[in-house]
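Listed here are the chains, written in short residue letters.
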Amino acid sequence: MSLLYRKQNQEILPGVHLIQDISTANSPMKYTSVKVLELDANSSYAETLGDFEAGIVVLAGKVTVTADQQRFEGIGQRQSVFDKIPTDSVYVGTGLPFSVTAQTAAKILIAYSPTTTSFPVRLLKGDIHQIEHRGKYQNKRLVQNILPDDLPFADKLLLVEVYTDSGNWSSYPPHRHDHDNLPTESLLEEIYYHEMQPKQGFVFQRVYTDDHSLDETMTVQNQDVVIVPKGYHPVGVPDGYDSYYLNIMAGPTRVWHFHNAPEHAWIIDRK
Ligand SMILES: O=C(O)C[C@@H](O)[C@H](O)C(=O)CO
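One structure accompanies this document, and this report is about it. Numbers given for residues are sequential positions, taken from 1 along each chain in its written order. Two thresholds apply to this predicted model, a pLDDT of at least 70 for residue-level local features and 80 or more for giving and counting side-chain atom pairs, whereas whole-chain, interface and lining totals are computed over all residues. Only heavy atoms go into the side-chain values, all of them from the structure, while hydrogens and water stay out.

1. Focus on unusual backbone geometry
Working step 1: For the bond from Tyr172 to Pro173, the omega torsion is 0 degrees, close enough to zero to count as cis.
Working step 2: Numbered from the N terminus, helices here are DSSP runs of H or I no shorter than four residues, and strands are runs of E no shorter than two. Topologically, Pro173 is positioned in the loop between β16 (169-170) and β17 (175-176).
Working step 3: Of note, the amide linkage connecting Leu182 to Pro183 takes the cis form, showing an omega dihedral of 10 degrees.
Working step 4: Following the sequence through the fold, Pro183 ends up in the loop between β18 (178-181) and β19 (185-187).
Working step 5: The phi torsion at Asp68 lies on the positive side, around 50 degrees, for a residue other than glycine.
Working step 6: One can find Asp68 in the loop between β7 (63-67) and β8 (70-75).

This is the structure we're talking about:
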């Protein structure tokens with residue numbers, strides 16, 4: 001089972017380019033799916049949700065989003081994810097139609113999770129993001145929380161974006177969250193949408209379980225997706241390149257409690 005989905009580029013509507021489309025139709029994921037779209041200026045994408053909630057993240061550019069009689073104009077805070085400016089997102093509850101119209105050339109990520117519980121449509125402005133500087137030595141990373149578990153605005157979805165600079169590791173030391181064993185550990189699937197700067201860069205990502213029944217190390221390129229149905233999932237960034245990824249997480253309970261691989265937990269304790 002490959003966990004790596006290479007970027008595609010298929011014009012699905014005039015000016016709307018599908019970069020990634022991962023769902024139960026082409027993956028083993030049960031709680032999470034994702035679309036990444038690049039929109040030419042003035043192009044539009046629309047969809048009506050079934051029994052899913054969605055988080056629409058404006059990765060780059062400016063768009064107008066409509067959902068449930070609401071209209072959010074000119075949202076998006078950056079020209080590139082590597083501007084490292086927290087961006088805007090819109091949460092859309094189950095069963096609702098939504099549209100996205102690009103005011104400038106834009107890139108959006110739509111994260112989905114199945115649910116029949118509806119939460120109100122909500123604009124999540126970038127300036128509410130909780131920013132974290134995690135790690136030390138060569139595992140320093142910048143975390144911008146978009147929809148963390150302490151924001152009660154969704155039934156299942158958790159969204160976070162992570163910047164890992166040249167020569168550092170993130171999602172490290174390795175941790176897992178694939179046991180439904182609260183309060184110690186929650187069961188959350190995870191999807192990584194990756195970008196590199198410069199674009200020709202790559203990162204290494206390993207996804208593996210304690211018994212190594214799953215143990216896959218991948219060379220991940222710009223706009224690739226890695227799915228993490230279970231297991232530890234560290235990311236290593238080669239010298240000279242900077243990494244961005246957006247994480248989508250969801251599972252039976254919307255809380256992020258993870259378990260560090262015991263043999264590597266000492267990494268955290270270094271002074
Ligand atoms: O702290 C990091 O390096 C990011 C990871 O926590 C990442 O968001 C993840 O693996 C969540 O489970």
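2. Regarding the site of the ligand
Working step 1: Proximity is defined per residue: any heavy atom of the residue falling within 4 Å of a molecule or strand makes that residue near it. Of all residues adjacent to the ligand, which total 15 residues, the nearest are Arg134, Arg141, Ser171, His177 and Asn247.
Working step 2: We call two N or O atoms a polar contact when they sit within 3.5 Å, provided that within protein one can donate a hydrogen and the other can accept it, with sequence-adjacent residues counted only if both atoms are side-chain atoms. Note that an oxygen atom of the ligand is positioned 2.6 Å from one of the side-chain N or O atoms of Arg134.
Working step 3: The side chain of Trp256 places a nitrogen or oxygen atom 3.1 Å from an oxygen atom of the ligand.
Working step 4: Here, Shrake-Rupley sampling with a 1.4 Å probe gives the accessible areas, and only protein chains in the shown set may cover a residue. Considering the ligand on its own, with 320 Å² of exposed area, one finds that the protein chains cover 99% of that surface.
Working step 5: Within the residue set of the shell around the ligand, elements represented by two or more residues are β15 (158-164), β20 (189-197) and β25 (242-250).
Working step 6: When residues in the shell around the ligand are grouped by element, the largest group, three residues, is from β25.
Working step 7: Gly is put with the polar residues, along with every residue not named as nonpolar or charged; the nonpolar set is Ala, Val, Leu, Ile, Met, Phe, Trp, Tyr, Cys and Pro, and the charged set is Asp, Glu, Lys and Arg. Residue classes in the shell around the ligand are distributed as six nonpolar, six polar and three charged.

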